[in-house]
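Below are the chains, spelled out letter by letter.
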Amino acid sequence: KAETGHCRVPRKFDKNQALSNWVSKQRQHYKLKVDNKTSQMTAERTQALESIGFGWQVAKYELVRNDEGWQRRYEELKRFKAETGHCRVPRKFDKNQALSNWVSKQRQHYKLKVDNKTSQMTAERTQALESIGFGWQVAKYELVRNDEGWQRRYEELKRFKA
């Protein structure tokens, strides 16, 4: 809390995943206690957590939002654009499949936001992506086209034939 001013540890937290897992367990044990089931949550633990502003129920976006991880992928996308001149990461991208998956997730979360559903897409993230020329809708051929992968397999086929 001293570092961030709150107790909302992201569900996926690279700096300290053990803390994230522990926080999740505290919420699970608290729910068990409230439901009168066997739990490790004591009155003392409940009081200690509440005394530092720990919340038992957190909005879905707060549980899964990971600004640090998002920023890291955003920087990777900027590097990709610097190398290629565009933000259209291929759906199957052997060099960095994690970036490809992240780009796809950004479009999914943007659609959820547009549809007024729970989403990790914030106005700041939208603005950041749009500022580097990110497109929210990509033609189908652009989503599946992977010239690099195609060329590599083509060369393999030529070697196979030889």
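These remarks concern the structure in this document. Being a predicted model, the structure only gives us computed values, none of them experimental. (Residues numbered from 1 in each chain as written. Predicted model: local features only at pLDDT ≥ 70, side-chain atom pairs only at ≥ 80, totals over all residues. Heavy atoms only, no water.)

A few points about the overall build of the chain
And then number 1: Check the secondary structure of the chain and you find 8 helices and 0 strands.
And then number 2: The proportion of buried residues among the 162 residues of the chain is 31%.
And then number 3: Sequence separation of at least 24 residues holds for 52% of the intrachain contacts in the chain that already meet a minimum separation of 6.
And then number 4: Within the structure as shown, the chain displays about 11500 Å² of accessible surface, and the carbon and sulfur contribution to it stands at 52%. (Helix = DSSP H or I, 4+ residues; strand = E, 2+ residues; numbered from the N terminus. Buried < 20%, exposed > 50% of the residue type's maximum accessible area, 1.4 Å probe, protein only. Contact = heavy atoms within 4.5 Å. Areas by Shrake-Rupley, 256 points an atom, 1.4 Å probe, with all protein chains shown as cover.)

A look at the nonpolar core
And then number 1: One finds Leu77, Trp102 and Leu129 to be the most contacted residues of the largest nonpolar core, which totals 16 residues.
And then number 2: Of all elements in the fold, only helix H4 (67-84), helix H5 (97-114) and helix H6 (123-131) reach the threshold of two or more residues within this core.
And then number 3: With 4 residues, H4 is the largest single contributor of residues to this core.
And then number 4: The residues contacting Trp102, other than those within four sequence positions of it, are Trp70, Arg73, Tyr74, Leu77 and Leu129.
And then number 5: Membership of the second largest hydrophobic core comes to 8 residues, among which are Phe13, Leu49, Phe54 and Trp56. (Core = buried A, V, L, I, M, F, W, Y, C linked by side-chain atoms within 4.5 Å.)

Some remarks on the packing of aromatic side chains
Two aromatic rings are characterised by how far apart their centres lie and by the angle between their planes.
And then number 1: Taken as a whole and assessed by the stated rule, the structure comprises 7 aromatic pairs.
And then number 2: Seen from their ring centres, Trp70 and Tyr74 are 5.2 Å apart, and the 15° between their planes marks the pair as stacked. Of the two residues, Trp70 and Tyr74 are both situated in helix H4; the distance of 4 residues between them amounts to about one turn of the helix.
And then number 3: For Trp70, a relative accessible area of 7% gives the class buried.
And then number 4: Under the relative-accessibility criterion, Tyr74 is labelled buried at 8%. (Phe/Tyr/Trp six-rings, centres within 6.5 Å; stacked < 30°, edge-to-face > 60°.)

Considerations on the packing of H4 against H6
And then number 1: Contact pair H4 / H6: the axes reach a minimum separation of 11 Å and the direction vectors enclose 10°. The orientation of H4 relative to H6 falls into the category roughly parallel. Taken together, the residues of H6 that come into contact with H4 (itself represented by Asp67, Trp70, Tyr74 and Leu77) are Arg125, Ala128, Leu129 and Ser131.
And then number 2: Its residues assigned to classes, the contact of H4 with H6 shows 5 nonpolar, 1 polar and 2 charged. (Axes fitted to C-alpha atoms, helices over the stretch in contact; angles between N-to-C directions. Parallel < 35°, antiparallel > 145°, perpendicular 65-115°, else oblique. Nonpolar A, V, L, I, M, F, W, Y, C, P; charged D, E, K, R; others polar.)

Concerning H4
And then number 1: The first and last C-alpha atoms of H4 sit 25 Å apart over 18 residues, in line with the 26 Å expected at 1.5 Å per residue.
And then number 2: Those residues of H4 that fall on the buried side of the exposure criterion are Gly69, Trp70, Tyr74, Glu76, Leu77 and Phe80. When H4 is viewed along its axis, its buried side chains cluster within an angular range of 160° and face the same direction. Looking at H4, the residues exposed on the side facing more than 90 degrees away from the buried face are Ala82 and Glu83.
And then number 3: On the buried face of H4, the contacting elements are H5 and H6.
And then number 4: Just downstream of H4 lies Gly85, where phi reads positive at about 90°. (Expected span 1.5 Å × (residues − 1). Arc of directions from axis to C-beta.)

So, the packing of H5 against H6
For any two helices packed against each other, the geometry comes down to the angle between their axes and how far apart the axes lie.
And then number 1: Closest axis-to-axis distance for the H5/H6 pair is 11 Å, and the angle between their directions is 130°. Taken together, the axis directions place H5 and H6 in an arrangement best described as oblique. Considering how the two elements wind past one another, H5 and H6 form a crossing that is left-handed. Facing H5, whose interface residues are Trp102, Gln106, Tyr110 and Lys113, H6 presents Ala123, Thr126, Leu129 and Glu130.
And then number 2: Residue composition of the contact of H5 with H6, grouped by class: 4 nonpolar, 2 polar and 2 charged. (Left-handed = near helix turned anticlockwise from the far one by under 90°.)

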